[in-house]
Structure formats: structure tokens, C-alpha cells
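Each chain, written out:
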Amino acid sequence: MSYTHQSHAVRSDDQHLRELGYKPQLRRRMGAFGNAAVSFSVISVLTGCMTMYGYGLSTGGPSVMIWGWVVVGGMVLFVGAALAEVTSAYPTSGALFFMADRLGGKRWGWYTGWLNLLGLLGGIASIDYGCAQFTGAFLDLQYGFHPTPGKTLWIFFAILVLHAVLNLFGVRLVAVLNTVSVWWHLAGVAIIVGALTIVPSRHQPADFVFTEFVNGTGWSSSLYVIAIGLLVAQYTFSGYDASAHLSEETTHASTAAPRGIVRSIVWSWVAGLVLLVGLTFAIQDYTGTQTTPTGVPPAQIFIDALGLGGAKALLLVVIVAQLFCGNAETAACSRMVFAFSRDGALPGQRWWTRTDNASRAPRAAVWLSVTVAAVIALPSLFSPTAYGAVVAINVIGITPAYAIPIYLRIRYRDRFTPGPWNLGRWSIAIGTVAVVWVAFVTVLFCLPQTKPATGGLVTVGTFNYAPIALAVALLLAAVWWRVVGRDYEVPAVAADKELSRIQEEIV
């Protein structure tokens, strides 16, 4: 793209942003590929599939993981396409909450924003803590470093600081890192699957990979186990709203951001399927993989199939991918903090809306994002089940938030003006499927995943924290609504004045 063409695109995007009610503060230095790369990095099949693989081994086993990935990926594509259509009409950093505000009113926007923010903060915590666990497993193999909960937490803090520092340099570095991330993920999947295909002398038969059902949950209903087993894929397929959150830093945002959402889902769908199939064919000892002393089942697959040296090399590939993922999630979350504060929804808004003069990065919002993520993960120091609670915060916050703008677009279709990227006559049908699917998986996230032992008493190890996370998020939103929410308005006045001035200059 020529400099003149790019300048014209930036002016056009900024004028559209002013028409939506905001004064441009962030710098547009991200193209269409970079925008898609952000969501692809946040979805990160080398993070989600690897982190949740152990859960999948007991919750349905190979058949549910493989076919569940196919089904869930297809349904998520419906959700992504419907969300992309609304993003095209409202390409702002606020993303989901701004869409809900415009379509359903400020109360819809308020609750959507709090759910989205909680999910993004939980996302940073779950991604970076998972990365810390993989890093601990690598250090254990390489140096005999025993990753206690305390040591893992310190690794986690170091990763958070790294991601904060990288995000302080502005969106250009974020775009470059996410572009590298795409190729790292694709090459990483190819290397892992290639090594697991070529090196081991023994592989599982095809009927094991595609039909073997394993129930280690304690529940007797196979249908129930299949349902909760879908969460391996559904957890991984989250975070694609990052393309919308980075839209104010993207050129041709009304088309680039929605395409970024859809492209990231399709790329992840294909890459994740290849990865899961490759991992499952390479399992040498199913029980040994489940009960691995590394605490990371994919690491045990690497060790059994490739030996210690090969396992360490592939773990490094995964860890770097997870670092890319956490960095992209930090970028998305900080833009959400910035946008939500800009509309007066967060206390201390003067701090969180400040941008650096040189990079235009919302520095204070970046530090707030990683600090809150650190606090969210602190209970993992005392309880091994706390990481499951952090994951629950991520998915139970962000998943329902996806459906709200889509539902409002269907309900108030007469007030919705489609953007340049739209679904045409298929919009309502695709949106309806998306809303129904999100409602279904939200229920799944709240179901107990492990049956209590004899006596039926629920313990901290078997309790599903997702409903608590959802209730806390809604309670916080309700309390803060009573404090300041009724006076909360999108501050369009300054932007309107600037738009009028620019229009006068043009005339």
C-alpha cells in the first residue's frame, strides 16, 4: 500500500470513528494480516490444545477430542461470522460493549463490558499461568528444577512483566510479533506433528484415534461426558474478539477487523485438528500420559515418542507460542481497559485512558491489565484447583459476551445498519445459530466436570468454579452500576465537535 493510499485510509477510518462518537487517540499501524494475526495468536492452538489435552484424555478421550474439535470449530465459525458482521458496523476498541450499547442501550453495554473485561483479564491469567507451568516442566527436564506452586507463580509474574514491557512499545511491535506468531504457530504444528509421525516406531491405530471413548470423570452417562468433553475445543476457540479490540489501530478497519475474526477461526480450526490428530497417534502409554510426573501430558507424549532431547525441543516450541499468545491477549485486554475507561465505566478513568506521546500505547491500561491478572492467579499458590477457576473466569466471562451483540442485532434488526462486511440475507439465520450455541456451551461451562467420590460430597477438587465466576462478575457489574452506571454515557461531544470542525475545513 502506498503512503498516500494509507494516509487516505487512516483519515477515512478516523472520520468513521468520530462519527461513532470517539476522538482518535491510538495510532493506526496495523494491516489486515496483522489484525487477523492478533486473534490467531490469542486463540493459539499450541496453547489451548496443549493446556487442555490432559482434561480431554479423561473426558471422552481421543474420539471426543477429535470429533469435538470438528463440531465446535464449525459452530464457532457461526459465532465468529455473526460477530464479524456487527464489528464491521462498529469498529472500536470497546468492541462488544460498544456494539451492545449502540444496539440495546447503555445497560446492555455496561453488563457486556464487564463480562468481556473479566474474560480478557482471566484470559491473560490462564494463558500466562499455563505458560509458566510448561516452562516449569521444561526447566525440570533440563535442569532438575522442581516447579513448586511458589516457583511457578514467580515464573508467571516474570511472564506478565515481559508482556507488559512488550506492549509499551506500541501497536507496531505488537503487529510484528503477531505476524511472527502466525508463522511460528503454523511451523510449530508442522514440526511437532512431523516429528511425532516420523520418529516413533509405534503409533496408535486409526480406530483408536477416531473412535476410542474414555470416561475418567466418574459420571455414568456417555452423553454427558461427550458434552463436557467439548470444552477442550471451546476453551481454545476464544479470544477472537481481539481483532475488534485492535480495530482503532487497524487501517480499513470496517473490513479488516471482521475478516480478521473469521480468518483466525478458520486457520485455527485446520491447524488445531492436525495437532490433535498428530498428538493422539503418538501416544505410547495412555495411563502414563494421564498421570505424568511432569504435570503436562503433552510433554510425556514427547518424552515417550522422541526421547528427552526431542521432548525439550518441542516444549520450547510450545512455550514460545504461548508467549506470543499471552502477549496478544495483553494487547487486546489493555485496549478494552482503555475503551471502557474512556466511557467512564472504570474507576480511575483518567489514568487508564492516558496514551504515550511517542507510541500512542495506553501504558497505564497495560500495567493495570497484567496487575489484575496477577491477582486473579494468586490463589493457585494455595490450591492446585485454582487454575481451573482461572480458566473458568476466562471462558465464562468472554463466551456469553460474544452472544449479546449478536442477539441484539437480531432483536433490533431495524436499527442496525450493516457495514461493508456483512452476511446479507443469511445474517439472521447465522446469528440465531450462534446465539443458541453460545447459550448451550455457557451451560456446559457451569456443569460439574468430575463426579464427587463415594458419599457425594463436593470438594474443592471437584467443584466447578465457573458459576461462581459468572455470579461474581454480574454482582460487581450490578454494584458498580448503582454507583456510577446510571450516569454512564458514551462521551461523544468532544468527538462531535472535532468532526464538525473537520467538515467545516473540508467545505
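As the structure is a computational prediction, the values presented were derived from the model and not from experiment. (Residues numbered from 1 in each chain as written. Predicted model: local features only at pLDDT ≥ 70, side-chain atom pairs only at ≥ 80, totals over all residues. Heavy atoms only, no water.)

Turning next to the overall build of the protein chain. In terms of regular secondary structure, the protein chain is built from 21 helices and two strands. Within the protein chain, the fraction of its 507 residues that count as buried is 59%. Sequence separation of 24 or more characterises 84% of the internal contacts of the protein chain that already satisfy a separation of 6 or more. When the accessible area of the protein chain is evaluated, it comes to approximately 19,700 Å², of which 65% is carbon and sulfur surface. (Helix = DSSP H or I, 4+ residues; strand = E, 2+ residues; numbered from the N terminus. Buried < 20%, exposed > 50% of the residue type's maximum accessible area, 1.4 Å probe, protein only. Contact = heavy atoms within 4.5 Å. Areas by Shrake-Rupley, 256 points an atom, 1.4 Å probe, with all protein chains shown as cover.)

Attention shifts here to the confidence of the model for the protein chain. Looking at the protein chain, pLDDT values average 86 and 89% of them are 70 or higher. Note that pLDDT drops below 50 for residues 492–507; the model gives that stretch twelve contacts with residues more than four away or on any other chain. (pLDDT = per-residue confidence, 0-100.)

Considering all chains together, one arrives at zero disulfides under this definition. This cysteine, Cys 325, is not joined by any disulfide, and Cys 131 carries the nearest cysteine sulfur, 9.0 Å off. (Disulfide = S-S within 2.5 Å.)

With that out of the way, let us pick up the pattern of salt bridges. Any two side chains of opposite charge can pair, so long as their charged atoms come close to each other. Scanning all chains against the criterion turns up four salt bridges. As a salt-bridge pair, Asp 14 and Arg 28 come within 2.7 Å of each other at their nearest N and O atoms. Of the two residues, Asp 14 is situated in helix H1 (residues 3–19) and Arg 28 in the loop between H1 and helix H2 (32–43); the sequence distance between them amounts to 14 residues. Comparing Asp 14 with Arg 28, the two get one shared label, buried. (Salt bridge = Lys/Arg side-chain N within 4 Å of Asp/Glu carboxyl O.)

The subject of this paragraph is unusual backbone geometry. Of note, Ser 44 is a non-glycine position whose phi angle comes to about 45°, a positive value. Note on placement: Ser 44 falls in the loop between H2 and helix H3 (45–58). Backbone geometry places Ala 95, a non-glycine residue, at a positive phi of 55°. Take Ala 95: its relative accessible area is 0%, and that puts it in the buried class.

Our next topic: the packing of helix H4 (residues 61–89) against helix H19 (residues 427–446). Two numbers describe how H4 lies on H19: the axes approach to 8 Å, and their chain directions differ by 125°. In terms of orientation, H4 lies oblique with respect to H19. H4 and H19 meet at a crossing whose hand is left-handed. Two secondary-structure elements touch here, H4 through Val 72, Met 75, Val 76, Phe 78, Val 79, Ala 81, Ala 82 and Glu 85 and H19 through Ser 427, Ile 430, Gly 431, Val 433, Ala 434, Trp 437 and Val 438. When the residues that make up the contact of H4 with H19 are grouped by side-chain class, the tally is twelve nonpolar, two polar and one charged. (Axes fitted to C-alpha atoms, helices over the stretch in contact; angles between N-to-C directions. Parallel < 35°, antiparallel > 145°, perpendicular 65-115°, else oblique. Left-handed = near helix turned anticlockwise from the far one by under 90°. Nonpolar A, V, L, I, M, F, W, Y, C, P; charged D, E, K, R; others polar.)

Before going further, it helps to spend a moment on the nonpolar core. Counting 158 residues, the largest nonpolar core has Met 50, Tyr 90, Ile 192, Tyr 240 and Phe 302 as the members making the most contacts within it. Of the residues forming this core, the biggest block, 21 residues, is contributed by helix H15 (residues 297–342). The contact partners of Met 50, leaving out residues within four places of it in the chain, are Val 45, Phe 134, Ile 192, Leu 275, Leu 279, Pro 298, Phe 302 and Val 318. (Core = buried A, V, L, I, M, F, W, Y, C linked by side-chain atoms within 4.5 Å.)

By the element assignment, Thr 135 lies in helix H6 (residues 106–143). Judged by relative accessible area, which is 15%, Thr 135 ranks as buried.

Moving on to the packing of aromatic side chains. Inspection of every chain in the model, using the stated rule, returns 23 aromatic pairs. Relative to Phe 98, the ring of Tyr 22 lies with its centre 5.4 Å away and its plane at 50°, an arrangement referred to as tilted. On the criterion of sequence distance, the pair formed by Tyr 22 in the loop between H1 and H2 and Phe 98 in helix H5 (residues 96–104) is long-range, its members being 76 residues apart. Given a relative accessible area of 0%, Phe 98 falls into the buried group. Here the aromatic rings of Trp 69 and Phe 237 are separated by 4.6 Å at their centres, their planes lie at 35°, and the arrangement is tilted. Of the two residues, Trp 69 sits in helix H4 while Phe 237 sits in the loop between helix H11 (231–236) and helix H12 (242–245), which places them 168 residues apart along the sequence. The pair Trp 69 / Phe 237 is uniform in exposure class, with both members buried. (Phe/Tyr/Trp six-rings, centres within 6.5 Å; stacked < 30°, edge-to-face > 60°.)

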